[in-house]
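# Residue-level structure breakdown
For reference, the chains in residue letters:
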Amino acid sequence: MPRPPEIPLVVAGPSGLYCHAGGFHIDPWKPVDRAVVTHAHSDHATAGCSRYLTSAAGEPVLARRVQPDAPIEGLPWGRTTSLNGVTVSLHPAGHLLGSGQVRVEHRGRVEVISGDYKVAADPTCDAFEPVPCHRFVTESTFGLPIYRWPESDGVAADLAAWWSENRALSRTSVVFAYALGKAQRVLSMLLEAEAADEEATIFVHGSVESFVEVYRAAGVRLPPVRRATPDLAKQHRGKALLVAPPSVLGTAWLKRWAPFSTSFASGWMMVRGNRRRRGVDRGFVVSDHADWPGLMRAIEATGAGSIGVTHGSSEAVVRYLREVRSLDADVVPTRWTGDEDGTVTGNDIAMKTHPDQAAEEPGEDPQGGLFN
Ligand SMILES: [Zn+2]
Ligand SMILES: [Zn+2]
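The following refers to the structure shown.

Reading the values: rules and limits
- Residues numbered from 1 in each chain as written.
- Chains lettered and ligands numbered in written order.
- Predicted model: local features only at pLDDT ≥ 70, side-chain atom pairs only at ≥ 80, totals over all residues.
- Heavy atoms only, no water.
- Salt bridge = Lys/Arg side-chain N within 4 Å of Asp/Glu carboxyl O.
- Helix = DSSP H or I, 4+ residues; strand = E, 2+ residues; numbered from the N terminus.
- Buried < 20%, exposed > 50% of the residue type's maximum accessible area, 1.4 Å probe, protein only.
- Donors = N, O, S within 2.8 Å, 3.2 Å for Na, K, Ca; no water.
- Tetrahedral: all angles 85-135°; square planar, octahedral: opposite > 155°, others 65-115°.
- Core = buried A, V, L, I, M, F, W, Y, C linked by side-chain atoms within 4.5 Å.
- Domains from an automatic or database assignment.

Attention now goes to the pattern of salt bridges. Following the criterion strictly, the structure yields 11 salt bridges and no others. Across the pair E213 and R64 runs a salt bridge, and its minimum N-O distance is 3.5 Å. Linking E213 in helix α4 (residues 206-217) with R64 in helix α1 (residues 59-65), this pair joins segments that are 149 residues apart in sequence. Between R185 and D122 there is a salt bridge, and its shortest N-O distance comes to 3.8 Å. Remark: D122 occurs in the loop between β10 (109-113) and β11 (135-140) and R185 occurs in helix α3 (residues 182-192); sequence separation between them is 63 residues. When sorted by exposure, R185 lands in the same class as D122, which is buried.

Every protein donor of the zinc ion (ligand 2) is listed here as D43 (OD), H44 (NE2), D116 (OD) and H311 (NE2), and their distances to the metal cover 2.1 to 2.4 Å. Taken together, the four donor atoms surrounding the zinc ion (ligand 2) define angles of 83 to 163° at the centre, an arrangement classified as irregular. Between the zinc ion (ligand 2) and the zinc ion (ligand 1), the interatomic distance is 3.5 Å, and D116 donates to each metal, bridging them. Separated by 73 residues along the polypeptide, D43 in the loop between β4 (34-36) and β5 (51-55) and D116 in the loop between β10 and β11 bring together distant segments of the chain. For D116, a relative accessible area of 1% gives the class buried.

As a further point, take the nonpolar core. Ranked by size, the top nonpolar core spans 47 residues in total, and within it Y52, L62, V186, L187, L190, I202 and V243 carry the most contacts. Taken together, the elements giving at least two residues each to this core come down to α1, α2 (152-168), α3, β13 (202-204), α4 and β15 (241-244). It is α2 that provides the largest number of residues to this core, a total of six residues. When residues are assigned to domains, this core turns out to be shared by domain 1 (10-147 + 289-357) and domain 2 (152-284), each giving three or more.

Structure representation (structure tokens):
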């Protein structure tokens with residue numbers, strides 16, 4: 001008798017990924033009763049859920065994102081808990097502070113939902129850990145072979161040199177970076193490049209400062225920074241480096257720091273033309289997602305025979321895994337695919353939005369628009 005088809009434990013539903021056996025969602029995009037959350041970016045963390053389960057390291061970040069008194073349970077890396085008889089644990093994803101992959105086990109079947117992840121080293125968070133499983137649901141934000149990240153220390157040196165060139169020309173250096181994760185990573189890179197000495201003055205937008213506090217409280221080493229205010233702009237423009245979310249481009253808030261040179265820290269800066277289209281002077285290739293070789297390495301390391309692909313270039317990755325790697329692969333729809341009424345269509349962000357129009361973290365920019 002033929003074996004029955006393997007039925008996934010975690011499937012796409014109208015509110016996001018859902019585990020029927022355990023009665024919980026993973027990274028739901030609507031408020032639900034029980035949410036297991038990989039990380040606190042707003043395309044993964046929804047406010048208003050009745051109960052949250054996330055990593056212990058991610059708990060303060062998620063609380064800052066959803067609400068300070070949200071009912072969040074933080075689980076240390078690798079510790080298991082049971083949700084209606086389904087064993088659940090969290091394992092580092094290396095994407096940002098506290099970001100985890102969710103491991104789900106039921107009746108001998110193991111599935112891992114990656115959330116967003118990267119395999120490159122990052123001193124601001126715990127390193128990605130491959131978790132053996134039968135089915136791996138991977139993100140694919142940069143799931144095309146053109147994406148290969150440069151070494152972080154080289155980029156850090158370029159960033160420091162650019163700041164010093166701008167200082168010599170009495171221009172403020174403005175680095176656009178998403179307020180949670182990327183901004184703190186950029187700050188950590190400045191520390192690494194020894195650009196952040198006593199003389200060097202780094203200022204941050206309020207949305208960045210709020211998460212800098214959370215990172216410092218978790219023991220992450222970051223350089224001294226001050227919140228950018230109109231008075232400080234008057235005193236320090238022309239010398240300062242300013243880290244702010246992309247949404248401030250074109251605002252009066254930013255004009256106070258003129259004259260300035262702008263840059264964007266993002267994996268999208270790998271593609272020629274994106275810098276110009278985004279209206280910035282300089283691009284730094286810094287991504288908190290896996291590049292193509294990183295995705296392939298991570299997928300292989302799980303040993304999974306079934307791969308679900310979501311959150312990016314899903315179709316391209318599925319085709320490659322099927323045709324070149326002979327793996328069983330399928331597209332797992334994301335929030336961007338749903339119609340207005342929540343019907344999941346099976347399309348993906350890559351089908352609707354050209355990558356250079358999509359923000360690296362689509363939900364990260366509260367004012368929307370400019371980089372989406
Ligand atoms: Zn993310
Ligand atoms: Zn994401």
